[in-house]
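Breakdown of the fold
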Amino acid sequence: MSEDQKVPRAQPAWRRCLLGAVSGLVAGYTALAVAELVSAAVRPQAGPVVAVGSAAIDRTPAAVKDYAIRHFGTNDKLVLQLGILTTLTVLALLLGVLAAYRRRTGAAGVLLFGVVGAWAATSRPDSTSWTDALPSAVGVIAGAGVLYVLVGRLGPGKATHTPAPVTQSRGDTPTAAGPVGPAAVTREAGWDRRGFIIAATAAAAASTAAGAVGRTLNNSRGQSAVASRSSLLLPAPASAAAPVPKGARLRIPGVSSFVAANKDFYRVDTALVVPKVDATAWRLRIHGKGVTRPMTVTFDDLLRRELIERHITLTCVSNEVGGPYVGNARWIGVRLTDLLAECGVRPPSKGGPADQLVARSVDGMTIGSPVEDVMDGRDALLAIGMNGEPLPFEHGFPVRMLVPGLYGYVSACKWIEDIELTTFDAYDAYWVKRKWARRAPIKTQTRIDTPKPFARPKAGTVMVAGVAWAQHRGIDKVEVRLDDGPWQQADLAREDTRDTWRQWSFPWKATRGTHTLTVRATDRTGQTQTERRTRTVPDGASGWHSVVVTVD
Ligand SMILES: Nc1nc2c(c(=O)[nH]1)N[C@H]1C(S)=C(S)[C@@H](COP(=O)(O)O)O[C@H]1N2
Ligand SMILES: [Mo]
C-alpha cells in the first residue's frame, strides 16, 4: 500500500458496480483471448465462440435457420457470432457486478461458461479428442483468476464500520482492532485504485497479445492445404463440357449470368470455420451395405481417373421463391457411378441392398442421396474443379459431391471424406433429423431478375428477363402474366443441358401505373409450376415469382 492512500476513499455503490462491470469485461476478454491462443494449439474449431456457435446452428429449428438465411444471407454466420459475443459481453458485465459483492461466486460463475464451451466443443461431430475442451477450460480459468484479482482490489464489499486495511500504514495507530481510525467514518472501505488499474491494464495487454498470437497461428493453419491447392493443376477432362450453345446467354442487362463466377457463387453450409483440407493427405473411403469391394481413394487416384466436365446448376432447398440460392457452374470431376460400380455397388433396381448413399464431410456433415438417382446415368460427380479452378475452400476443396437434379442438402456434400451405403430406413442424415425431407428432387422454378421489385421503368418496351430451372428434366416453357391478364409465352434462350438453368426474356409494352409481373415455368415432363405457395421446409418452396413495378 502506498502512503498516499492513508485516507480511504468512500466508495459509493455505483462505483463499486462500475468497477465490478469493468472487471467482468476484462475477465471475459482474457478468457476469450486465452481460449483463442489455446485453440491454436488444439484446433480453431474448438474455440468457445465457434463451438457454441456451431452447436447453436445444429440446434436451430428449420424455420429459424431459414429466417437467418433469408434475412442475413451469407452473413448469417457473422450475425450469429456477433450475437454470441454480445450475449457474452452482457453476461461478463453482470458477473463482474456480482463478483464486486461476492468475489468467489462471481469468479465461479465465469468457470460455468467454461463448462458450456467445453461441452459444446467436445460434442461437435468432428471432435475426436477431449483436448477440444482445453480452449474453453483454460480460458475461463484465466478469466476467473483475473476477475478474482481485480475485484480483490475493490476492498471488502460490506465494509461499513470496518476499517480498510489501507489505513494501516507506518505512523498510524493500527486501526484493525476497532472503529477508531479515519476509516471508521467512511461508509465503505477504500479501494486499491492503483493496484486495480495496474492489474486491469496488465490483464488487458497480456490478453491482447495472447489473442493476437492465437489469431495469427489459427490463420496460418492450413498452410499445407493452401499449398496443395495452389500447386494443383487440373488435368484436361477426357470428356469436356459441350460448349455453351450460341443463344444460351442472353445479352440483357440485369439477367443472371449463365455461369456464376466462383467468388459470386452462393454459399450455404454450417461451417463457421471453413475446413482447410490438404489434398495430398485427403482420403475418401467407400464402404457399407452391398459394397463387395470397399475402397479408399486418394486425390491422386482421382486425378488419374477419367475426368468429365459438365455445367450443372446447383440449388439450395432453402431458396425461397425468387431467392438467390441457385447458381450454375462448370464442374470437373469423376463419375461417381463408375467408382461405386467398381466397389460392387448396385442400385436398388438392380437388386442392390442399399437405397441411400450417405456422404460425410471432414466437419461432420452428413448428406443422404438416393442410390438409384446417383446411379441412373446422370452426371453425378465427385467434383474437384469449379469453372476451371480447383474447388475454392468455401465450395468444398479438395472434393465435393454433386448430383444434378437434387437439392444441395441431399446431394452436394463439400469437404467429403466418407461414403457409406445404407438404407433410408436405417439412417437419417443431418438435415433429415431437422425436419427436412429424406428425398428432395429440385422443384421447377423461375425467377424474374429484371426489372427488380419496385423498379420505376419508363413507359415503352421494358425487357422482362430471368432464369428458369428444373434440373435433369429441363425447361420447356416460361410464361409471363401482366396483372390479371392472360399468360403470354416468354422467349426462351437456347438450352445448354437439362441439368442447367435456362434464361428467358419477354419484351413488355409497359404502360404507366403500378403493375404486377408474374412468371411460371413448365418442365419437359409437361408439369407447370403450381401456384400454391409453400415454405421451403420440408422439401423446397413452390409457387410463382412476381414483381411489382411502377411505370413512370
Ligand atoms: N460439408 C457440408 N457440405 C454441404 C453443406 C454443409 O453445410 N456442409 N451444405 C449443403 C447445402 S444445404 C447446399 S445448398 C450446398 C451449397 O453448396 P455451395 O455452398 O458450394 O453453393 O452444399 C451442401 N453441402
Ligand atoms: Mo441447401
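Definitions and cut-offs
Residues numbered from 1 in each chain as written. Chains lettered and ligands numbered in written order. Predicted model: local features only at pLDDT ≥ 70, side-chain atom pairs only at ≥ 80, totals over all residues. Heavy atoms only, no water. Near = heavy atom within 4 Å. Polar contact = N/O pair within 3.5 Å; in protein donor to acceptor, adjacent residues only side chain to side chain. Areas by Shrake-Rupley, 256 points an atom, 1.4 Å probe, with all protein chains shown as cover. Nonpolar A, V, L, I, M, F, W, Y, C, P; charged D, E, K, R; others polar. Salt bridge = Lys/Arg side-chain N within 4 Å of Asp/Glu carboxyl O. Helix = DSSP H or I, 4+ residues; strand = E, 2+ residues; numbered from the N terminus. Buried < 20%, exposed > 50% of the residue type's maximum accessible area, 1.4 Å probe, protein only. Pairing = 2+ DSSP bridges. Phe/Tyr/Trp six-rings, centres within 6.5 Å; stacked < 30°, edge-to-face > 60°.

1. Some points on the site of ligand 1
Around ligand 1 sit 20 residues in total, of which Tyr266, Thr270, His395, Arg400 and Lys414 are the nearest. Note that a nitrogen atom of ligand 1 is positioned 3.3 Å from one of the side-chain N or O atoms of Ser361. Isolated, ligand 1 exposes 530 Å² of accessible area, and the fraction of that covered by the protein chains is 100%. Each residue belonging to the shell around ligand 1 can be placed in one class, and the counts come to 11 nonpolar, 4 polar and 5 charged.

2. Points about the pattern of salt bridges
Tallied over the full model, the rule gives 30 salt bridges. When the shortest N-O distance is used, the salt bridge between Glu36 and Arg215 registers 3.2 Å. Residue Glu36 is found in helix α1 (residues 13-41), and its partner Arg215 is found in helix α7 (residues 193-220); the two are separated by 179 residues along the sequence. Residue Glu36 is classed as buried on the basis of its relative accessible area, which comes to 19%.

3. Regarding the sheet that holds strand β15 (residues 491-492)
Strand-to-strand pairing in sheets goes through backbone hydrogen bonds, with the strands running parallel or antiparallel. Read from one edge of the open sheet, 4 strands run β11-β12-β16-β15, paired in antiparallel fashion. Looking at which strands have only one partner, the edges of the open sheet turn out to be β11 (445-450) and β15. Looking at chain direction, strand β12 (residues 460-469) and strand β16 (residues 502-510) are connected through 9 bridges and run antiparallel. In the strand pairing of β16, Gly460 is matched with Ala510.

4. Brief notes about the packing of aromatic side chains
A ring pair, where both rings are aromatic, is described by two values, the distance of the centres and the angle of the planes. Tallied over the entire structure, the rule returns 11 aromatic pairs. Ring geometry for Phe265 and Trp331: centres 5.8 Å apart, planes at 85 degrees, overall edge-to-face. Separated by 66 residues along the polypeptide, Phe265 in the loop between α8 (223-230) and β1 (283-288) and Trp331 in strand β4 (residues 326-335) bring together distant segments of the chain. Note on Trp331: relative accessible area 0%, which makes it buried. These aromatic residues form a ring-pair network of at least three members: Phe265, Tyr266, Tyr325 and Trp331.

Just geometry here; none of it tells us what the structure is for.
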